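So the chains spell out like this:
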Amino acid sequence: MSVKSWISWEGGVNLIAKTGSDVETPNFIMHVARVVHTPGGSAPCGMIFWQPDPAAAPLAFGFVSTDSQVASYVAEQIFAGTPFQGAPFLQGQIHVEIDDDTASATIEILGKKFQTSLAQFRESSIISRKPVPSAPFYQQGIETIADHASLAVNDRPVDLIIPPESITGGPCTFVSATGLYAR
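Residues numbered from 1 in each chain as written. Predicted model: local features only at pLDDT ≥ 70, side-chain atom pairs only at ≥ 80, totals over all residues. Heavy atoms only, no water.

1. Let's talk about empty space enclosed by the protein
Here the structure, examined in full by the defined rule, presents 2 cavities of 30 Å³ or more. The computed volume of the largest cavity comes to approximately 160 Å³. Around the largest cavity, the lining is made up of 16 residues, and of these Ile 7, His 31, Val 36, Cys 45 and Gly 46 lie nearest the centre. Contributions of two or more residues to the lining of the largest cavity are made by strand S1 (6-17), strand S2 (28-38), strand S3 (41-50) and strand S12 (173-182). (1 Å grid on protein atoms, 1.4 Å probe; cavity = no way out; pocket = protein on both sides within 12 Å on 5 of 7 lines; lining within 4 Å. Points joined across faces, edges and corners; volume = space filled by probe spheres on them. Helix = DSSP H or I, 4+ residues; strand = E, 2+ residues; numbered from the N terminus.)

Below, the structure is given as C-alpha cells:
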C-alpha cells in the first residue's frame, strides 16, 4: 500500500454528542485542531455538524478553517467516501486551549459561536485504528479521553448525552495532542 493522502495535527479537541434522549444519532460533532498540516499547507481546521432539530436541515455543517485549501483537502482527500466528502468550506475562526486539567475549543462561523470544554481526563494512550466505512483512513495518535464535556452555542448551555463510542470506534470526548490520518 502506498499513502496517497494524509493530514497531521497538533492540539485536537473532539466532542460527539446527542442533545436529547429522543435524538437517535449524534446531532453535534466538533472535531478541530489548533493546527492541521496537509501536503498543501497548514492552518487551524476542523469539522462541525450541528442539527438541533433532527427533522430539519443542519444549522452548521462543513469544514472550518482560515484556509480554504486546507479545509478542502481534508474534505476531499481524507473524508472521501463519507457523508463529509464535499461538505462546504466554512470560513471561520478556531481557538483551542489545552492544559493539564481542561481543554476547550471555540469555533466562530455563520454568526454563531460554538464552545466546548472537556475535563476529568483519563491517562493518555497511543491509538492505531484501521479504516472502517465511516472513517476510511488509518488513524494514529495520542488520545486522552475526557469524562466530562460541555457545550454552549452562542453562550447558551446545551444539554448533552455522550454516546459510549463514536461511529469510528473511538471515544466521543477526547483531546488528541497529535496524530495523523492517512489513506
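2. Here we look at the pairing of strand S10 (residues 138-153)
Look at any regular strand and the pattern is simple: side chains alternate between the two faces of the sheet. Pairing between strand S8 (residues 112-121) and S10: 7 bridges, direction antiparallel. Residue pairing across strands places Phe 121 opposite Ala 146, the latter belonging to S10. Looking at chain direction, S10 and S12 are connected through 8 bridges and run antiparallel. Its bridge partner lying in S12, Gln 139 is registered against Tyr 181. Between S10 and the antiparallel strand that follows it, strand S11 (residues 156-158), lie 2 residues; Asn 154 among them carries a positive phi value of about 50 degrees. (Pairing = 2+ DSSP bridges.)

3. Observations regarding the environment of Thr 178
Among the structural elements, Thr 178 can be located in strand S12. For Thr 178, a relative accessible area of 38% corresponds to the partly exposed category. Residue contacts for Thr 178: discarding those within four places in its chain leaves Trp 9, Gly 141 and Ile 142. (Buried < 20%, exposed > 50% of the residue type's maximum accessible area, 1.4 Å probe, protein only. Contact = heavy atoms within 4.5 Å.)

4. Observations concerning the environment of Pro 44
Note that Pro 44 resides in strand S3. Separated by 33 residues in sequence, Pro 44 and Gln 77 place their C-alpha atoms 17 Å apart. Every residue in contact with Pro 44, bar those within four places of it in the chain, is listed here: Ala 33, Arg 34, Val 35, Val 64, Ser 65, Thr 66 and Ile 94.

5. Considering helix H1 (residues 68-78)
Within H1, the full set of buried residues consists of Val 70, Ala 71, Tyr 73, Val 74, Ala 75 and Ile 78. Those residues of H1 hidden inside the fold are in contact with S1, S2, S3, strand S4 (60-65), strand S5 (89-91) and S12. Where H1 starts, the residue carrying a side-chain oxygen 2.8 Å from the main-chain nitrogen of Gln 69 turns out to be Asp 67. (Polar contact = N/O pair within 3.5 Å; in protein donor to acceptor, adjacent residues only side chain to side chain.)

6. Considering the layout of surface pockets
Here the largest pocket is characterised by a volume of approximately 490 Å³. As for the largest pocket, its lining consists of 26 residues, and the residues nearest its centre are Ile 16, Ile 29, Phe 84, Ile 167 and Thr 168. The class makeup of the residues in the lining of the largest pocket is 17 nonpolar, 8 polar and 1 charged. (Nonpolar A, V, L, I, M, F, W, Y, C, P; charged D, E, K, R; others polar.)

7. Observations regarding the environment of Ile 145
Considering the arrangement of structural elements, one finds Ile 145 in strand S10. Along the sequence, Ile 145 and Arg 122 sit 23 residues apart, while their C-alpha atoms lie 5.6 Å from each other. The residues touching Ile 145, leaving out its near neighbours within four places in the chain, are Gln 120, Phe 121, Arg 122, Pro 171, Thr 173 and Phe 174.

8. Quick word on the nonpolar core
Ranked by size, the top nonpolar core spans 25 residues in total, and within it Ile 48, Ile 107 and Phe 114 carry the most contacts. For this core, the elements supplying multiple residues, two or more each, are S1, S2, S3, S4, strand S6 (93-98), strand S7 (102-109), S8 and S10. Those residues in contact with Ile 48 that lie beyond four places of it in its chain are Phe 28, Ile 29, Met 30, Ala 60, Phe 61, Gly 62, Val 64, Phe 84, Leu 90, Ile 107, Ile 109 and Phe 114. Counting 24 residues, the second-largest nonpolar core is a separate cluster that includes Ile 29, Tyr 73, Val 74 and Phe 79. (Core = buried A, V, L, I, M, F, W, Y, C linked by side-chain atoms within 4.5 Å.)

9. Observations regarding the packing of aromatic side chains
Counting across every chain of the model gives 12 aromatic pairs. Between Trp 50 and Phe 114 the ring centres are 6.4 Å apart and the planes differ by 75 degrees, which places this aromatic pair in the edge-to-face class. Placement of the pair is Trp 50 in strand S3 and Phe 114 in strand S8, with a sequence separation of 64 residues. For Phe 114, a relative accessible area of 0% puts it in the buried group. With 5.2 Å between their ring centres and 70 degrees between their planes, Phe 79 and Phe 137 make a pair best called edge-to-face. (Phe/Tyr/Trp six-rings, centres within 6.5 Å; stacked < 30°, edge-to-face > 60°.)

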